[in-house]
Amino acid sequence: AYTMHDAMRAAWHIESAQVQEIAGAMNRAVEAMPSPRLMVISGEGEFLLQKAISSAAGRYAWAELETVSLAAKMGSELSRCAPAYAVAQLAESDW
């Protein structure tokens, strides 16, 4: 029988895999930037981003960048909308 303990263990493994994927993707993205000074995090998965930053500390230089949480600054509702707004702004630009 599948127990609550089994479910919690599976969830932990899934979260760990997501955090590692995010950390790797962030590393690749930051390597492509000239010299980032600040990291702004937002969206539904902000808690995963925070865990990725913590897990990358000491391994990747980007984990030491100043980090601004839009949820902390503007509230979680606006933070969840920020990624979609950013993509819309990019779509309208000459990017």
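Reading the values: rules and limits
- Residues numbered from 1 in each chain as written.
- Predicted model: local features only at pLDDT ≥ 70, side-chain atom pairs only at ≥ 80, totals over all residues.
- Heavy atoms only, no water.
- Helix = DSSP H or I, 4+ residues; strand = E, 2+ residues; numbered from the N terminus.
- Rg over C-alpha atoms; globule rule 2.2 N^0.38 Å.
- Contact = heavy atoms within 4.5 Å.
- Areas by Shrake-Rupley, 256 points an atom, 1.4 Å probe, with all protein chains shown as cover.
- Lys, Arg positive; Asp, Glu negative; His and termini not counted.
- Charge placed at Lys NZ, Arg CZ, Asp CG, Glu CD.
- Expected span 1.5 Å × (residues − 1).
- Bend = angle between axes of the 7 residues up to and from the residue.
- Buried < 20%, exposed > 50% of the residue type's maximum accessible area, 1.4 Å probe, protein only.
- Pairing = 2+ DSSP bridges.
- Right-handed = clockwise from strand over helix to strand, strands pointing away.
- 1 Å grid on protein atoms, 1.4 Å probe; cavity = no way out; pocket = protein on both sides within 12 Å on 5 of 7 lines; lining within 4 Å.
- Points joined across faces, edges and corners; volume = space filled by probe spheres on them.
- Nonpolar A, V, L, I, M, F, W, Y, C, P; charged D, E, K, R; others polar.
- Axes fitted to C-alpha atoms, helices over the stretch in contact; angles between N-to-C directions.
- Parallel < 35°, antiparallel > 145°, perpendicular 65-115°, else oblique.

Colleague: What's the story with the overall build of the protein chain in this structure? I'm lost.
Modeller: Scanning the protein chain for helices and strands turns up 4 helices and 2 strands. Secondary structure of the protein chain in N-to-C order comes out as α-β-α-β-α-α. Scaling as 2.2 N^0.38, a compact globule of 95 residues should have a C-alpha radius of gyration of about 12 Å, whereas the protein chain reaches 16 Å, well beyond that. Overall, the protein chain is about 55 × 30 × 25 Å in size when its C-alpha atoms are taken along their principal axes. Taking the intrachain contacts of the protein chain between residues at least 6 apart in sequence as the baseline, contacts between residues at least 24 apart amount to 67%. With the model as given, the accessible surface of the protein chain reaches about 7000 Å², and the carbon-plus-sulfur share is 60%. Measuring between centres, the 7 positive side-chain charges of the protein chain sit 6 Å from its 11 negative side-chain charges.

Colleague: Sorry if this is basic, but what is going on with helix H4 (residues 76-92) here?
Modeller: Count 3.6 residues to each turn of an α-helix, and residues three or four apart come out pointing the same way. For H4, spanning 17 residues, the distance from its first C-alpha to its last is 25 Å, which sits close to the expected 24 Å at 1.5 Å a residue. Its axis deflected by about 35 degrees at Ala 82, H4 carries its strongest bend there, up to four residues before the proline Pro 83.

Colleague: Which parts of the structure should I look at to understand the pairing of strand S1 (residues 38-41)?
Modeller: Strand residues, when the strand is regular, have side chains that alternate between the two faces of the sheet. Along S1, the buried face is formed by Met 39 and Ile 41; none of Leu 38 and Val 40, which line the opposite face, is buried. As defined by bridge partners, S1 adjoins strand S2 (residues 66-69) across 4 bridges and the pair is classed as parallel. Residue pairing across strands places Val 40 opposite Val 68, the latter belonging to S2. Regarding the hand of the β-α-β motif, the stretch spanning S1, helix H2 (residues 46-56) and S2 is right-handed.

Colleague: Please explain the layout of surface pockets as it appears in this structure.
Modeller: Remark: the empty space left among the atoms is shown by a probe the size of a water molecule rolled over them. The computed volume of the largest pocket comes to approximately 380 Å³. Around the largest pocket sit 13 residues that line it, and Met 26, Met 33, Met 39, Val 40 and Ile 41 are the ones nearest its centre. Looking at the lining of the largest pocket element by element, the count peaks at 4 residues for S1. Of the residues contributing to the lining of the largest pocket, the split by class is 12 nonpolar, 1 polar and no charged.

Colleague: Which parts of the structure should I look at to understand the packing of helix H1 (residues 4-31) against H2?
Modeller: Axis angle and axis distance: for two packed helices, these are the angle between their axes and the distance between the axes, and together they describe the pair. As a packed pair, H1 and H2 sit with axes 8 Å apart at the nearest point and diverge in direction by 70 degrees. On the basis of their axis angle, the class for H1 and H2 is roughly perpendicular. Contacts between H1 and H2 involve Glu 15, Gln 18, Val 19, Gln 20, Ile 22, Ala 23 and Met 26 from the first element and Phe 47, Leu 48, Leu 49, Lys 51, Ala 52, Ile 53 and Ser 55 from the second. Of the residues assigned to the contact of H1 with H2, the class counts are 9 nonpolar, 3 polar and 2 charged.

Read these as geometric descriptors, not functional statements.
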